[in-house]
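# Examining the three-dimensional arrangement
Here is how the chains run, residue by residue.
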Amino acid sequence: GLSIPDRMRRRLATKAGKRLYLQRQASVEPVFGTTKGARGLRQFLHRGTEKNHHLFRFDMAVHNVLKIVRQAQRSLEGSSEKPNGRSRSVATTSGVTVAAA
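Residues numbered from 1 in each chain as written. Predicted model: local features only at pLDDT ≥ 70, side-chain atom pairs only at ≥ 80, totals over all residues. Heavy atoms only, no water.

## A look at the overall build of the protein
The condition is simple: For the purposes of this entry, the term helix denotes a DSSP run of H or I that reaches at least four residues, the term strand denotes a run of E that reaches at least two, and both are numbered from the N terminus. Burial classes follow relative accessibility: with a 1.4 Å probe on protein chains only, a residue under 20% of its type's maximum area counts as buried, one over 50% as exposed, and anything between as partly exposed. Note on definitions: a residue-residue contact is assigned when non-hydrogen atoms from the two residues lie within 4.5 Å. Reported accessibility uses the Shrake-Rupley method at a 1.4 Å probe radius. Residues are deemed covered only where the shown protein chains occlude them.
From N to C terminus, the protein includes 4 helices and 2 strands. Of the regular secondary structure in the protein, the N- to C-terminal order runs α-α-α-α-β-β. Looking at the 101 residues of the protein, the share that counts as buried comes to 16%. Counted over contacts in the protein with a minimum sequence separation of 6, partners at least 24 positions apart contribute 37%. With the model as given, the accessible surface of the protein reaches about 8100 Å², and the carbon-plus-sulfur share is 57%.

## Digging into the environment of R39
Its place among the elements puts R39 in the loop between α3 (29–37) and α4 (49–77). Judged by relative accessible area, which is 26%, R39 ranks as partly exposed. Spatially, the C-alpha atom of R39 lies 9.4 Å from that of H63, the residues being 24 residues apart in sequence.

## With respect to the packing of α3 against α4
Test applied: With axes taken as lines fitted to C-alpha atoms, and helix axes fitted only over the stretch in contact, angles between N-to-C directions fall between 0 and 180 degrees. Angles below 35 degrees are treated as roughly parallel, those above 145 as roughly antiparallel, those between 65 and 115 as roughly perpendicular, and all remaining angles as oblique. Throughout, the ten residues Ala, Val, Leu, Ile, Met, Phe, Trp, Tyr, Cys and Pro are labelled nonpolar, Asp, Glu, Lys and Arg are labelled charged, and all others, Gly among them, are labelled polar.
Here α3 crosses α4 at 105 degrees, and the two axes come no closer than 11 Å. Judged on the interaxial angle alone, α4 and α3 are roughly perpendicular. Residue-level inspection shows V31, F32, T34 and T35 of α3 in contact with α4, the latter providing F56, D59, M60 and H63. Of the residues in the contact of α3 with α4, the class split is 4 nonpolar, 3 polar and 1 charged.

## Description of the environment of G17
Note that G17 resides in helix α2 (residues 15–27). On the basis of relative accessible area, G17 is assigned to the buried category, the value being 6%. When sequence neighbours within four positions are dropped, the list of residues in contact with G17 reads R11 and L12.

Any functional reading would require information beyond the geometric quantities listed.
Printed below as a string of structure tokens:
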């Protein structure tokens, strides 16, 4: 049989696999990119999984608060869409993103 990475490559090579991967890029990847790039959380500085888990959850909470603040600012200005027209998402610590209101 094929190895796990080979099976994943084969699956992503299909049209359905490419469609699923594009959904992932649109919902999850920007959250981690923002976390790493804009807020500089490229590595954890604490020892132990539990402390790092708390730090990650805190950063996701900061991400969500910033999104809420930006949404409130846009609604006060009268703009309801992001400048690039993409949908908004809110990070959760479970790894699932949900649409922001």
